[in-house]
Amino acid sequence: MPMPLITIGFAGVLVLLGVVAWGLTGFAAETKTALIPAAVGAVFLLLGLVALHALFRKHVMHVAMLLALLLVIGMGAMAGPKVPALLTGGEVARPTAVATQALLGLFALVYLVLGIKTFIDARRKPAAAAGG
């Protein structure tokens, strides 16, 4: 599957994550920060749509991979230390936020791995064609 389409799908997952997280907080105005994954998803949607044009694909996909890497690092630093307590039933301040951060980081990691695989495959394809 082409990486721009994967990016658009990833964007949809993040928007859904943000809306569900906000719903779990009761759609309260003071918990709109639960929509941050949806905002990040909107950025990935824009990147995916721009990457559908071959002229911009390589540069835009590199930007998307950098953003995904920053998400993995940031969410890992924020949620990583709290996840064990959350999973074992320990007390965690704002458990919905921690779970959302952990899922955002996990989804970004999966996206990053798919992107890296796509980059590797793209590098190998011209080499295989030239050698054959």
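Fair warning: this is a prediction, and the values are worked out from it, not measured in the lab.

A. Representation of the packing of helix H1 (residues 3-24) against helix H2 (residues 36-51) within the structure. Running from amino to carboxyl end, H1 crosses H2 at an angle of 165°, the nearest separation of the two axes being 7 Å. With respect to H2, the element H1 is oriented roughly antiparallel. Read as a crossing pair, H1 and H2 show a hand that is left-handed. The segment H1 lies against H2, with Pro4, Thr7, Ile8, Phe10, Ala11, Leu14, Val15, Leu17 and Gly18 engaging Pro37, Ala38, Val40, Gly41, Ala42, Phe44, Leu45, Gly48, Leu49 and Ala51. Residues of the contact of H1 with H2, tallied by class, amount to 15 nonpolar, four polar and no charged.

B. A look at the pattern of salt bridges. Scanning the model with the defined rule gives one salt bridge in all. For the salt bridge of Asp121 with Lys117, the shortest nitrogen-to-oxygen distance reads 2.7 Å. Taken together, the positions of Asp121 and Lys117, both in helix H5 (residues 95-131) and four residues apart, correspond to about one turn of that helix. For Asp121, a relative accessible area of 35% puts it in the partly exposed group.

C. Seen up close, the nonpolar core. Counting 21 residues, the largest nonpolar core has Phe44, Met61 and Tyr111 as the members making the most contacts within it. Looking at this core, the elements that each hand over two or more residues are H1, H2, helix H3 (54-79) and H5. A per-element tally of this core places H3 first, with seven residues. Apart from the residues within four sequence positions on either side, Tyr111 is in contact with Met3, Ile6, Thr7, Phe10, Phe44, Met61, Ala64, Met65 and Ala68.

D. Focus on the confidence of the model for the protein chain. Of all residues in the protein chain, 95% have pLDDT values of 70 or greater, and the mean over the chain is 92. Element-level pLDDT for the protein chain is lowest in H5, with a mean of 87, against a maximum mean of 97 in H2.

E. Highlighting the packing of aromatic side chains. Enumeration over the complete set of coordinates arrives at four aromatic pairs. Ring centres of Trp22 and Phe27 lie 5.2 Å apart, and the angle between their planes is 85°; this geometry places the pair in the edge-to-face category. Residue classification places Trp22 among the buried positions, given a relative accessible area of 19%. For the pair Phe44 and Tyr111, a centre-to-centre distance of 5.4 Å together with 75° between the ring planes defines the contact as edge-to-face. Residue Phe44 is located in helix H2, and its partner Tyr111 is located in helix H5; the two are separated by 67 residues in the primary sequence. Here Phe44 matches Tyr111 in class, with each residue buried. Members of the aromatic cluster, each reached through a chain of ring pairs, are Phe10, Phe44 and Tyr111.

Reading the values: the criteria
- Residues numbered from 1 in each chain as written.
- Predicted model: local features only at pLDDT ≥ 70, side-chain atom pairs only at ≥ 80, totals over all residues.
- Heavy atoms only, no water.
- Axes fitted to C-alpha atoms, helices over the stretch in contact; angles between N-to-C directions.
- Helix = DSSP H or I, 4+ residues; strand = E, 2+ residues; numbered from the N terminus.
- Parallel < 35°, antiparallel > 145°, perpendicular 65-115°, else oblique.
- Left-handed = near helix turned anticlockwise from the far one by under 90°.
- Contact = heavy atoms within 4.5 Å.
- Nonpolar A, V, L, I, M, F, W, Y, C, P; charged D, E, K, R; others polar.
- Salt bridge = Lys/Arg side-chain N within 4 Å of Asp/Glu carboxyl O.
- Buried < 20%, exposed > 50% of the residue type's maximum accessible area, 1.4 Å probe, protein only.
- Core = buried A, V, L, I, M, F, W, Y, C linked by side-chain atoms within 4.5 Å.
- pLDDT = per-residue confidence, 0-100.
- Phe/Tyr/Trp six-rings, centres within 6.5 Å; stacked < 30°, edge-to-face > 60°.

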